[in-house]
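# Observations on the three-dimensional arrangement
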Amino acid sequence: MTVASPPSLNQILWTPSDSRKASSHILAFAKRIGFPSTVDYTTLHTWSIENLEEFWSEFWDYAGIMGDKGDVHLIDSDKMPGAKFFPDAKINWAENLLKRRDDAIAIIFRDEKARERQISFKELADTVSRLQQALVAAGVGKGDRVAGYMPNIPETLMGALAAASLGAIWCSASPDFGVQGVVDRFGQIDAKVLITVDSYFYNGKVVDVLTKLAEVQPRLPSVQLTIVVPFANDNPEISHFKNTVTFQQALASFTPVNPTFERLPFNHPLFIMFSSGTTGAPKCIVHGHGGTLLQHMKEHQLHCDIHAGDKVFYFTTCGWMMWNWQISALASGATLMLYDGSPFYPDSYALWDYTSKHDCMLFGTGAKYIDALKANGSVVKDKYTMPHLKIITSTGSPLVHESFDYVYETIKKDVHLASISGGTDIVSCFVLGNPISPVYRGEIQGAGLGFAVEAYDDNGKPIAVGAGSGELVCTKPFPSMPV
């Protein structure tokens, strides 16, 4: 059984134009593997799950992934768990994100006070190089952990890239987490370096972090170096903290060189993420370099149609997997638009002002944000036309029928609205949108390419499409299974 959707009883709200389909990554990929330009998504999806090894190998080549793919691309494909993708491969996630070194803009950042920074691909690589050297000087190497207690600012991304380039493992938590929440997470991983900020902005207020750091730091005995990024205060007072320097001090002794990248086995740990902690302490979930990169690039290119130069914005904190998802868009040559602060400060148009100003192509958010806009009566299209905005993605909870209506009636009519769903456990999506199929009111478009997703009843039997609801089950392996 495949997850092909039957003709829907719901209203079609959007249909991609022929020109848009013709320029899409997904049809270029389909042509590469021998399908005509008229192929429908269901046919392509069926092929992808019936030919897993060929699908993922072909996408590796299509995406131009840097690394050694190896001659064997999948073994034990009938085992789950147990299947191994690219068992001979050598790869580094950070190398693929930093392959551009030109003066084009890699990062646009805005905070709640509307202060903005822009960082080129070259400047990003130079700063990562210096931070990489600082981490090496602190004794960080392959398999060590680097933790970020950070808002969604460029230095957080730099920390992840520098750690990953060395084969160290990155873990992040949002600074709105309390002391116990941070210790519950970072206390499990024996981090060698902790990166944090002095404070951050939310809803017009400055929220202190150093006070919490004073309680967190003594409870993380493995941390040998703490780096504080001045964010709300240019000169934070940190002299009373043990083995603590500012970001600028950490980098001061090092000059930019070409970053080095440790090419690692496909499943070498990249990220430590955490379950929500609703049933006991948060539980570690570890994701690898190869699976994370391959899966994110597949979703970015084939499902969201992100091309080099496109500007990609996801409203997220660094404690949500969508942060990890967004930053991987650098590997497709995209520009990241980062934002930190309340989405409703100074008003409900804050994110749309940012989106419009910088010609954002992809706007991502949670369904609750769209519901809140609707409740506020915000009519975005009356203030911003956003001609470059092609796709709005929504996740975190189901996007109800009325919210589909709201997007098309008050934000933009000609936009690909993709309700997506996945999770921390796969650092990606089971079901999501695609740019060559219609959008139906209240519906997710379908399962991701390479994902054999079904619905099972209480007896563990597949439910026919349209015959009722059940538990979402993935029946075949995929590269971003936790390692």
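Please refer to the structure placed before this passage.
A few points on the structure. Keep in mind that what you see is a predicted model, and the values were worked out from it rather than measured.

## Quick notes on the side chain of Ser419
In this fold, Ser419 is placed in strand β21 (residues 416-419). On the basis of relative accessible area, Ser419 is assigned to the buried category, the value being 5%. Beyond its immediate stretch of four places on either side in the chain, Ser419 contacts Ser394, Leu399, Phe404, Val431, Leu432, Gly433 and Ile444.

## Re helix α14 (residues 367-376)
Because an α-helix packs 3.6 residues into every turn, residues spaced three or four apart end up facing the same way. Here α14 has its buried residues at Ala367, Tyr369, Ile370 and Leu373. Around the axis of α14, the buried residues are gathered within 165 degrees of arc, so they sit on the same side. Across α14 from its buried face, at more than 90 degrees, point the exposed residues Lys368 and Ala375. On its buried face, α14 sits against α13 (350-357), β19 (362-366), β20 (391-395) and α15 (401-411). Where α14 ends, the next residue or the one after it, Gly377, has phi of about 75 degrees, a positive value.

## Structural notes on the sheet that holds β19
Strand order across the open sheet formed by 7 strands is β6-β5-β18-β17-β19-β20-β21, with mixed pairing between neighbours. The open sheet is flanked by β6 (116-120) and β21, the only strands paired with a single partner. Pairs of neighbouring strands in the sheet enclose a mean axial angle of 15 degrees, with direction left out of account. As defined by bridge partners, strand β17 (residues 311-314) adjoins strand β18 (residues 335-340) across 3 bridges and the pair is classed as parallel. Bridged to Val312 within β18 is Leu336. Helix α7 (residues 154-165) contacts β5 (105-111), β6 and β18 of the sheet and is inclined by roughly 30 degrees relative to β6. In the packing of α15 onto the sheet, the strands contacted are β20 and β21, and the crossing angle to β21 comes to about 155 degrees.

## Quick notes on unusual backbone geometry
With an omega dihedral of 5 degrees, the bond running from Met80 to Pro81 counts as a cis peptide bond. Each neighbour pair has its own omega, and for Tyr345 with Pro346 the value is 5 degrees, a cis peptide bond. Among the structural elements, Pro346 can be located in the loop between β18 and α13. One non-glycine residue, Asp76, adopts positive backbone phi at about 55 degrees. If you trace the backbone, Asp76 turns up in the loop between β2 (74-75) and β3 (84-85). Take Asp76: its relative accessible area is 36%, and that puts it in the partly exposed class. A positive phi is found at Asp359, a non-glycine position, where the angle reads about 55 degrees. With respect to the secondary-structure elements, Asp359 resides in the loop between α13 and β19. Judged by its relative accessible area of 34%, Asp359 is partly exposed.

## Brief notes about the packing of α14 against α15
It is the contact of α14 with α15, at a shortest axis distance of 10 Å, that shows an interaxial angle of 65 degrees. When the axes of α14 and α15 are compared, the crossing they make is left-handed. Residue-level contacts link Ile370, Asp371, Leu373 and Lys374 of α14 to Glu402, Ser403, Tyr406, Val407 and Ile411 of α15.

Cut-offs and rules
Residues numbered from 1 in each chain as written. Predicted model: local features only at pLDDT ≥ 70, side-chain atom pairs only at ≥ 80, totals over all residues. Heavy atoms only, no water. Helix = DSSP H or I, 4+ residues; strand = E, 2+ residues; numbered from the N terminus. Buried < 20%, exposed > 50% of the residue type's maximum accessible area, 1.4 Å probe, protein only. Contact = heavy atoms within 4.5 Å. Arc of directions from axis to C-beta. Pairing = 2+ DSSP bridges. Axes fitted to C-alpha atoms, helices over the stretch in contact; angles between N-to-C directions. Left-handed = near helix turned anticlockwise from the far one by under 90°.

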